[in-house]
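Tertiary structure, described
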Amino acid sequence: MKPTKISNPEYFHKVVDCQWACPAHTPVPEYIRLIAAGRYTDAYMINWESNVFPGILGRTCDRPCEPACRRVRVEDEPVAICRLKRVAADYKGEIDHLIPKAPEQKNGKKIALLGAGPVSLAVARDLMPLGYECKIFERDPVPGGLMRTNIPSFRLPEEVLNEECDRIINMGVEVQYNKEIKSFKEFLKEDFDAVFVGTGAPKGKDLNIPGREECDKNIHIGIDFLASVAFEHVKKIGKKVIVLGGGNTAMDCCRTAIRLGGKDVRVYVRSPKVDMKASDWEIEEAEMENIPIYENHVPKEFIHENGKLKAVAFEKVKAEYKDGRRKLIPTGEPIEIVECDDVLMAIGQDNAFEWIEKDIGIEFGEWDMPIVDRTTMQSTLPKVFFGGDSAWGPENIITAVAHAHQAAISIDLFCNNKSLKKRPQPHVFLESTKMGLHEWSYDNGYAEVDRLAVPHADPKVTLADRKVEVELGYDDRMAFEEAARCLNCDVQTVFEEKRCIECDACVDICPEDCINFIQNADEQELREDIRVPALNLAQDLYVSRKLPTKRVMVKDEDLCLHCGLCAERCPTGAWDMQKFFYFGAQSHDGCKK
Amino acid sequence: MSFIKKPIARHPNLPKNKLGLTRRDYEGALSTLCAGCGHDSVSSAIIEACFQLSIPAHRLAKLSGIGCSSKTPTYFLNKSHGFNSVHGRMPSVATGANLANRDLYYLGVSGDGDTASIGLGQFCHIMRRRLNMVYICENNGTYGLTKGQFSATNDKESKSRKGVDNMFESIDLAALAIQLGAGFVARSFSGDKDQLIPLIRAALSYKGFAFIDVISPCVTFNNHAQSTKSYEYFREHNEAVGFLDVIPENEEISVNYGEGKSIEVNVHDGSKMVLHKLNKSYDPGSRRKAIGKINDSRDKGEIITGLIYLDQNEEDLHDTLLTTEKPLNQLKKKDLSPGLKKLRQVNKSFS
């Protein structure tokens, strides 16, 4: 293998599994260390700069970082990254003076943002400090988008949501509420230098099976139901409720239903439970509230009597997997009739672009979705950009934020007549953490602690009031303990060939048997030849240049604990533990000279 | 020394031995020796060898004297028996232990000071007696614990870190061992585990006195440009006599080295040793030739390594003294006091 190019920032970035997995590349280990040090405000600000909504995401994020966490490979349970983020938001101090201000002198460019959801808000946050005039157009009377309408208050309290939305709007963003754009063609006649579309995927999927029309009064689309509850148009529901669907919206629907008076609330899923789209922790929470989930049930008919919904008929199926595809095969068991008063349908969401005329230069591709550039977020009409769920269908908040940063960079480049393809580079630095012979500026010991469960409020209280938050969050002691579980994967093991005397001390001490000194070979062979074969192909091998004995150092990055023992046992300082800081580029980096 | 505990986390795919244990189950406490000390690599080789042999920890006793090397038994096999004895007196303790219980593996770890200076007398006599044990001398040519004076094994041409000349001749422990009756004599290097691990395995399987002189650089005091016991010097002047393969019981020998190039030895525990010779004419079965080979290499400025001498007639002190087969702690009252009839028989034998 060729020597690893550690000068390429993406090499060490990939070693920081959580940050690499985060669409917005939040510097996770950095803020976790700050939390451990009790520096909650600093931890919050790193998050805010990177992911814009730390308080919201600390409660609702889909957490792509957690399954990626190295701790999963080392001992099973990831660090509770998401809930630590919440700690930073909950315990932060005064931050107003740390938030960048929009300059009084504007740059003369006007940007329209459609929808006041996370993606548009994040674009506005990135552009306001640069002097842009941003104007948001929102259908609802309040900002937040799906964060308000689809996420129930018992998961995300209104105060938290309002605080983080207001922080952006208070930078001077103009928002026109209760304004739904009916014709994009007309809208484009207005005087804007660029238009950003962040209208989400607001249409819940329907299910056209017999009885659908007749029972319309008691069959509700999940996201519409949640929005109606959020705006207090709906305050109660029938005693017996069936929720169809296995995603996070289904989990929010069933938990909302029992708070609105549902006594017998059940979730029915077409697939086996293991294939459910909902996050494990969302399923767990629903089950903790004693909501049963029935798998392998396909709804066939809404049964009604005298024009009123009576029951749902289900066919039982089993899943068969062939060539990676799943097929649901009827088991032949008798149709199951389940009585109910109301049905909530949470079986997916669609985009709705009927308001975008097809003759205005925005090309549409598959599934009637606009064609959007994956890097620049630009549509085929140069001044129109898309992001969030309206770009490529339903994703999540953190992905929307990542889109927003890219869109803001593009809009800034576009307004300055620069090429959108020339993207600004990330901020990167690498510095030694060495403070003494065996002292480092990070806590390198391995914490033998299991993941701490987040305490919950008394269910008697939370089930009685949909606005009471279920999770209490960690207290400072728990946060400290949980933070200690972080392996500091951003503190990199950096190897300097010319210092190495090949004494084997690092090989002998490494608790995970990552380090090897062997004859070089091609990657596949090296992966087999090392002490413990490197079977996880998603993780790289770090290969040195040739050493005096003609061998090379090969380190399997997979399970490295970043404990620094290799560097502590190295007599010559050939190994050093160096903190790698990576911060993705944002719009203020774009047009810099 | 490191202040943190070695993490308990370990690689999930670590190989397991016959006992279902991984190498890490044979570890000891985190070393407090200088970073890069050769002794830590020797400890690691011992761990690997014991792991490979599937030795149950309670079946091995580790013994040592005083010195950097003699601290190391703390850093491996933390579930085994251990005795950290008086300076240079490890052989006496080993003899006592072995006579009391011949069923254990005895692994003595000593250094050049402990072996070649204060303990030289004990070292000589334990070899004459062919005690069944493995004696590893971690040889760095310097007194590390007392800040780097020359030891008795430091080569005359090897200067101190500050350039001071060494006035005295060195003792070649391997040559001495062959001379005095050790049945298995090898020399190796802490930085070459491919060579060292099979040697330790073979030594542990060997019945009789097995001695391994391991050049183990002292990174603090004797790893400089004018030292003959540095990592760099050793790598440049190492002349291996051969490679050793240890083939476990019931396993076939798979490598064919060619006619006259390998020697197969059946070891009393059922395993086989295959010594692959780099030089066809070398005969490790002859004391005279082995000593000659050591001297020849030395004259050429080379350090001979590998299994230098092997007496295939495995015999130990118990065979000579006709002692009881059973460990003393397993002898019953009946064995120790066999009765009047037996006493009369014994007395009669003297008449």
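The structure displayed is predicted, hence computed values, not measured ones.

Okay, the pairing of strand β7 (residues 240–244) of chain A next. All names here are of chain A. Burial runs high along β7: four of the five residues are buried. Two strands pair when backbone bridges link them, and β7 and strand β8 (residues 264–268) are joined in this way by five bridges, in the parallel orientation. Bridge pairing links Lys 240 to Asp 264 in β8. Traced from β7 through helix α14 (residues 248–259) to β8, the parallel crossover comes out right-handed.

All names here are of chain A. Within helix α19 (residues 476–483), the full set of buried residues consists of Met 478, Ala 479, Glu 482 and Ala 483. Buried positions in α19, seen along its axis, are confined to an arc of 135 degrees and lie on one side of it. In this structure, the buried residues of α19 make contact with α3 (28–36) and α8 (81–91).

Before going further, it helps to spend a moment on the nonpolar core. Residues Phe 53, Phe 184 and Ile 515 of chain A are the most contacted members of the largest nonpolar core, which totals 130 residues. Those residues in contact with Phe 53 of chain A that sit more than four places away from it in its chain are Gly 58, Pro 118, Leu 121, Ala 122, Met 147, Glu 164, Ile 168, Ile 397 and Val 401 of chain A. Counting 37 residues, the second-largest nonpolar core is a separate cluster that includes Ile 55, Val 109, Ala 210 and Val 265 of chain B.

Further remarks concern the interface of chain A and chain B. Tallying the contact residues gives 30 residues for chain A and 31 residues for chain B. Between chain A and chain B, the buried area comes to about 2600 Å², and carbon and sulfur atoms account for 54% of it. In terms of surface lost to chain B, no three residues of chain A exceed Asp 508, Val 532 and Arg 569 of chain A, which account for 22% of the buried area on that side. Here chain A is connected to chain B by five salt bridges.

Turning next to the pairing of strand β3 (residues 105–111) of chain B. Residue and element names in this part refer to chain B. Burial analysis of β3 places six of its seven residues in the buried class, which makes it a mostly covered element. Across five bridges, strand β1 (residues 60–64) lies against β3 in parallel orientation. Pairing of Lys 62 across the sheet is with Leu 107, part of β3. Here β3 pairs with strand β4 (residues 133–139) via five bridges, running parallel.

Bringing the sheet that holds strand β22 (residues 541–543) of chain A into the picture now. Residues and elements named next belong to chain A. A sheet is described by the order of its strands in space; here three strands give the open sequence β21-β23-β22, paired in antiparallel fashion. The open sheet has two edge strands, β21 (515–518) and β22, and neither has a second partner. Direction aside, the axes of adjacent strands within the sheet are offset by 25 degrees on average. Here β21 runs beside strand β23 (residues 552–556); their pairing, made up of four bridges, is antiparallel. Bridge pairing in β23 places Ile 515 opposite Lys 555.

Turning our eyes to something else, we now look at unusual backbone geometry. Phi at Arg 63 of chain A takes a positive value of approximately 50 degrees, unusual for a residue other than glycine. Within the secondary structure layout, Arg 63 of chain A lies in the loop between α5 (54–60) and α6 (65–68). Of note, the phi angle at Leu 322 of chain B is positive, near 50 degrees, even though the residue is not glycine. Along the chain, Leu 322 of chain B turns up in the loop between α10 (317–321) and α11 (333–336). Residue Leu 322 of chain B is classed as exposed on the basis of its relative accessible area, which comes to 73%.

In this section: a negative patch on the surface. Residues Asp 76, Glu 77, Asp 280, Glu 284 and Asp 450 of chain A make up a contiguous surface patch of negative charge. Secondary-structure assignment places Asp 76 of chain A in the loop between α7 (70–75) and α8.

Before going further, it helps to examine the state of the cysteines. Tallied over the entire structure, the rule returns zero disulfides over all chains. Unpaired in terms of disulfides, Cys 489 of chain A finds its nearest cysteine sulfur in Cys 18 of chain A, a separation of 6.2 Å. Look at Cys 489 of chain A and you get buried, because its relative accessible area is 8%. Among the cysteines around Cys 68 of chain B, which has no disulfide bond, Cys 37 of chain B carries the closest sulfur, lying 6.3 Å off.

This brings us to the pattern of salt bridges. All names here are of chain A. Under the definition given, this model contains 71 salt bridges over all chains. Where Asp 373 meets Lys 421, a salt bridge forms, and the shortest distance between an N and an O atom there is 2.9 Å. Of this pair, Asp 373 sits in the loop between β15 (349–350) and β16 (384–386) while Lys 421 sits in the loop between α17 (397–415) and β17 (427–432), placing them 48 residues apart in sequence. We classify Lys 421 as exposed; its relative accessible area is 61%. In this structure, the salt-bridge partner of Asp 513 is Arg 531, at a minimum N-O distance of 2.8 Å. Here Arg 531 lies in the loop between α21 (523–529) and β22 and Asp 513 lies in the loop between α20 (505–509) and β21, a separation of 18 residues in the sequence. Its relative accessible area of 4% is what places Asp 513 among the buried residues. Owing to a relative accessible area of 32%, Arg 531 belongs among the partly exposed residues under this scheme. Through salt bridges with shared partners, one network takes in Asp 17, Arg 70, Arg 73 and Asp 558.

Calculation criteria
Residues numbered from 1 in each chain as written. Chains lettered and ligands numbered in written order. Predicted model: local features only at pLDDT ≥ 70, side-chain atom pairs only at ≥ 80, totals over all residues. Heavy atoms only, no water. Buried < 20%, exposed > 50% of the residue type's maximum accessible area, 1.4 Å probe, protein only. Helix = DSSP H or I, 4+ residues; strand = E, 2+ residues; numbered from the N terminus. Pairing = 2+ DSSP bridges. Right-handed = clockwise from strand over helix to strand, strands pointing away. Arc of directions from axis to C-beta. Contact = heavy atoms within 4.5 Å. Core = buried A, V, L, I, M, F, W, Y, C linked by side-chain atoms within 4.5 Å. Buried area = accessible area lost by both parts, 1.4 Å probe. Salt bridge = Lys/Arg side-chain N within 4 Å of Asp/Glu carboxyl O. Axes fitted to C-alpha atoms, helices over the stretch in contact; angles between N-to-C directions. Patch = residues over 30% accessible without salt bridge, like charges linked within 9 Å, V, L, I, M, F, W, Y side chains within 5 Å. Areas by Shrake-Rupley, 256 points an atom, 1.4 Å probe, with all protein chains shown as cover. Lys, Arg positive; Asp, Glu negative; His and termini not counted. Charge placed at Lys NZ, Arg CZ, Asp CG, Glu CD. Disulfide = S-S within 2.5 Å.

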